[in-house]
Amino acid sequence: MDLLARREHGRVELTRKLRKRGAPEDMIDVALQRLSEEGLLSEARYLESFVAYRARAGYGPLRIREELGQRGLARGDIDQALRESGIDWFEQLRETWQRKFAGRLPGDARERAQQGRFLAYRGYSLDMIGRLLRGCDE
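What counts, and at which threshold
Residues numbered from 1 in each chain as written. Predicted model: local features only at pLDDT ≥ 70, side-chain atom pairs only at ≥ 80, totals over all residues. Heavy atoms only, no water. Domains from an automatic or database assignment. Contact = heavy atoms within 4.5 Å. Salt bridge = Lys/Arg side-chain N within 4 Å of Asp/Glu carboxyl O. Helix = DSSP H or I, 4+ residues; strand = E, 2+ residues; numbered from the N terminus. Nonpolar A, V, L, I, M, F, W, Y, C, P; charged D, E, K, R; others polar. Buried < 20%, exposed > 50% of the residue type's maximum accessible area, 1.4 Å probe, protein only.

**Side note on the domain arrangement of the protein chain**
Turning to step 1, where the next piece is worked out: Partitioning the protein chain into domains gives domain 1 (11–85) and domain 2 (89–134).
Turning to step 2, where the next piece is worked out: Every contact between the two is made by 13 residues of domain 1 and, on the other side, nine residues of domain 2.
Turning to step 3, where the next piece is worked out: Summed over the shared surface of domain 1 and domain 2, the number is zero salt bridges.
Turning to step 4, where the next piece is worked out: Elements supplying a minimum of two residues to the side of domain 1 that touches domain 2: helix 4 (43–56) and helix 5 (61–70).
Turning to step 5, where the next piece is worked out: For the side of domain 1 that touches domain 2, the element with the most residues is helix 5, which contributes four residues.
Turning to step 6, where the next piece is worked out: Grouping the constituent residues of the side of domain 1 that touches domain 2 by class yields eight nonpolar, three polar and two charged.

Right under this line is the structure:
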């Protein structure tokens, strides 16, 4: 309960933390089942809050998808959460780029590569990055 009081957790993540604290395996399963039945543990809520949190931090859908996959969530659930998030990913990309590069389009190939690498690392698709760096707003 202490872990869930701080923030949402996924089932796999919560299981890992409880194991680390020395909880017996059979008790973990029973406790997580009870929390799910009571509505205190919800994968959907966890996905929604994680996507929103990482998007606000400037991360794109590719990076968020990868991080959630590493946390043991199903690919279909992740994709659905990203679709239903209502986030305009191109606008998120533009805001991230604006914060990092002050809205200055690259002047040469080296700058373009630097900006592109940063944005790709943040989890935006090469197509979206290319449109942004060419100055296309749509």
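**What about the environment of leucine 132?**
Turning to step 1, where the next piece is worked out: Tracing the sequence through the fold places leucine 132 in helix 9 (residues 126–133).
Turning to step 2, where the next piece is worked out: For leucine 132, a relative accessible area of 3% gives the class buried.
Turning to step 3, where the next piece is worked out: Linking leucine 132 and arginine 7, residues 125 residues apart in sequence, is a C-alpha distance of 34 Å.
Turning to step 4, where the next piece is worked out: Beyond its immediate chain neighbours, meaning those up to four positions away, leucine 132 contacts Phe90, Leu93, Arg94, Trp97, Leu105 and Leu119.

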